[in-house]
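Fold and geometry: a report
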Amino acid sequence: MNTEVKQGLQRKYRVQVTVAIYREGSLSYKSEILAPAYYDKRQEARDHIRQEIRERLAHSRFFRSTRLDYDLVRYTEEGSCNTYLRYSIQDSET
């Protein structure tokens, strides 16, 4: 990644959510979504992610994932189709 900041451009941060569905242990669907909000500081984006995870844990059927590459998981009753979420921070120059 180029760390040089161009004259007149400002570094902003966005939250990216990756949704992956595994059916019987194999990846069957994966999509990455960028949240529309921009943050001036990386810490603000981290705080947004922490809040989002807290809310999902409190108000949905998601749990902390035991997989290292995902933050949350939702299991189906049969256990054959599971949904995983990963949050990351993306840099952009505006």
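Look up: the structure comes first, before these words.
A brief look at the structure comes next. (Residues numbered from 1 in each chain as written. Predicted model: local features only at pLDDT ≥ 70, side-chain atom pairs only at ≥ 80, totals over all residues. Heavy atoms only, no water.)

**Here's the deal with the overall build of the chain**
- If you tally the helices and strands in the chain, you get one helix and five strands.
- The order of α-helices and β-strands along the chain, N terminus first, is β-β-α-β-β-β.
- The C-alpha atoms of the chain give a radius of gyration of 16 Å, which is well past the 12 Å a tight globule of 94 residues would have.
- With respect to the principal axes defined by its C-alpha atoms, the chain has extents near 55 × 25 × 20 Å.
- A total of 94 residues make up the chain; the buried ones form 30% of that total.
- When the accessible surface of the chain is summed, it comes to about 6700 Å², and 47% of that surface belongs to carbon and sulfur atoms. (Helix = DSSP H or I, 4+ residues; strand = E, 2+ residues; numbered from the N terminus. Rg over C-alpha atoms; globule rule 2.2 N^0.38 Å. Buried < 20%, exposed > 50% of the residue type's maximum accessible area, 1.4 Å probe, protein only. Areas by Shrake-Rupley, 256 points an atom, 1.4 Å probe, with all protein chains shown as cover.)

**Things to note about the pattern of salt bridges**
- Here the structure, examined in full by the defined rule, presents six salt bridges.
- Between Arg56 and Glu52 there is a salt bridge, and its shortest N-O distance comes to 3.2 Å. Separated by four residues within a single helix, Arg56 and Glu52 lie in helix 1 (residues 42-59), roughly one turn from each other.
- Salt-bridge contacts for Arg67 lead to Asp69; the nearest nitrogen and oxygen are separated by 3.3 Å.
- One salt-bridge network, in which partners are shared between bridges, spans Arg11, Arg42 and Asp91. (Salt bridge = Lys/Arg side-chain N within 4 Å of Asp/Glu carboxyl O.)

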